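The residues making up each chain are set out below.
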Amino acid sequence: MFYWDDSLITGIKEIDNEHIELCKRANKLFDAFVKGNIVEEINFSMNYFEEYIYAHLKNEEKLQREANFPKYELHKLKHDAFRENFEELKKLVKARGITYNFVQKFNGTIIEWLSFHLREDDQELAEYIKTLHKSKINELNLSNSF
Ligand SMILES: [Fe+2]
């Protein structure tokens with residue numbers, strides 16, 4: 001199970017809402033593993049998770065491009081690596097079912113993603129966007145004073 005905590009909050013509503021939904025979907029997957037459900041159900045849970053995370057990554061990348069985030073390329077490379085790892089996980093479970101190797105890789109990919117990417121990379125992005133908004137507000141205040 002993955003537990004949501006305050007250190008994951010970015011303060012950007014859209015991103016936070018999507019991250020919370022991702023945690024919920026990841027936990028559905030964990031649940032399917034714990035119950036040792038059949039491969040069809042694991043595949044269903046993988047699809048349920050994938051559908052949302054892929055859309056979320058695209059949204060985040062769009063937000064970064066629009067904000068001219070200076071670390072966009074690096075951040076996107078991390079998203080690409082996640083997508084590649086996830087595709088590998090899908091192939092693995094399809095071919096061999098739920099093996100020890102699969103669970104190890106699954107934990108490495110999903111837990112690390114939720115724990116580190118959200119806590120570090122996405123926080124960095126959130127800080128940048130907040131600074132951007134503050135300077136825009138300052139600019140507006142400045143132009144209003146003339
Ligand atoms: Fe991200």
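Since the structure is predicted, the reported quantities are computational estimates derived from the model, not experimental observations.

Draft legend 1. Fine view of the overall build of the protein. Across its full length, the protein holds four helices and zero strands. For the protein, the succession of helices and strands along the chain, N to C, is α-α-α-α. With respect to the three principal axes, the spread of C-alpha positions in the protein is 70 × 25 × 20 Å. Every one of the 146 residues in the protein was classed for burial, and the buried ones make up 14%. Here the analysis covers contacts within the protein between residues at least 6 apart in sequence; of these, 64% occur between residues at least 24 apart.

Draft legend 2. Quick peek at the confidence of the model for the protein. Averaged over all residues, the pLDDT of the protein equals 87, while 94% of them reach at least 70. When the elements of the protein are averaged for pLDDT, helix H4 (residues 100–144) gives the smallest value, 83, and helix H3 (residues 72–96) the largest, 92.

Draft legend 3. Structural view of the nonpolar core. Counting residues in each nonpolar core, the largest one holds seven residues, listed as Leu22, Ala26, Phe49, Ile53, Phe106, Ile110 and Trp113. Residue contributions to this core peak at three residues, all from H4.

Draft legend 4. Highlighting the environment of Asn85. Residue placement: Asn85 occurs in helix H3. Residue class for Asn85 comes out partly exposed when judged on the 17 C-beta atoms lying within 10 Å of it. Distance from Asn85 to Gln64, taken between C-alpha atoms, is 22 Å for residues 21 residues apart in sequence.

Draft legend 5. How the structure looks around helix H2 (residues 39–66). In this model, H2 (28 residues) spans 40 Å end to end at C-alpha, consistent with the 40 Å of a helix rising 1.5 Å per residue. Turning to H2, its buried residues are Ile42, Ser45, Phe49, Ile53, Glu60 and Gln64. A positive backbone phi angle near 50 degrees is found at Asn68, which sits one or two residues after H2.

Draft legend 6. Focus on the packing of helix H1 (residues 13–34) against H2. Remark: H1 packs on H2, axes separated minimally by 9 Å, with the N-to-C direction vectors making an angle of 165 degrees. Overall, the two elements H1 and H2 adopt an arrangement that is roughly antiparallel. Remark: the crossing between H1 and H2 carries left-handed chirality. Listed contacts from H2 to Ile15, Glu18, Glu21, Leu22, Arg25, Ala26, Lys28, Leu29 and Ala32 of H1 are Glu41, Ile42, Ser45, Met46, Tyr48, Phe49, Tyr52, Ile53, His56, Asn59 and Glu60. Here the contact of H1 with H2 is composed, by residue class, of eleven nonpolar, three polar and six charged.

Draft legend 7. Looking closely at the packing of H2 against H3. With their axes 11 Å apart at the nearest point, H2 and H3 run at an angle of 170 degrees to one another. The orientation of H2 relative to H3 falls into the category roughly antiparallel. In this structure, H2 uses Val39, Ile42, Asn43, Met46, Glu50, Leu57, Glu61, Gln64 and Arg65 to contact H3, whose residues at the interface are Tyr72, His75, Lys76, His79, Phe86, Lys90, Val93 and Lys94.

Draft legend 8. Highlighting the environment of Glu127. Structurally, Glu127 is set in helix H4. Taking the number of C-beta atoms within 10 Å as the measure of exposure, Glu127 has 12 and is therefore exposed. The sequence separation of Glu127 and Thr10 amounts to 117 residues, and the corresponding C-alpha distance is 7.9 Å.

Draft legend 9. Region of the structure containing H3. Helix length check: H3, at 25 residues, gives a terminal C-alpha distance of 36 Å against a target of 36 Å (1.5 Å per residue), a fit within 8%. Those residues of H3 not exposed but buried are His75, His79 and Val93. Positive phi shows up at Gly97, right after H3, with a value of about 75 degrees.

Rules and cut-offs
Residues numbered from 1 in each chain as written. Predicted model: local features only at pLDDT ≥ 70, side-chain atom pairs only at ≥ 80, totals over all residues. Helix = DSSP H or I, 4+ residues; strand = E, 2+ residues; numbered from the N terminus. Buried ≥ 20, exposed ≤ 12 C-beta atoms within 10 Å, placed from the backbone. Contact = placed C-beta atoms within 7 Å. pLDDT = per-residue confidence, 0-100. Core = buried A, V, L, I, M, F, W, Y, C linked by C-beta atoms within 7 Å. Expected span 1.5 Å × (residues − 1). Axes fitted to C-alpha atoms, helices over the stretch in contact; angles between N-to-C directions. Parallel < 35°, antiparallel > 145°, perpendicular 65-115°, else oblique. Left-handed = near helix turned anticlockwise from the far one by under 90°. Nonpolar A, V, L, I, M, F, W, Y, C, P; charged D, E, K, R; others polar.

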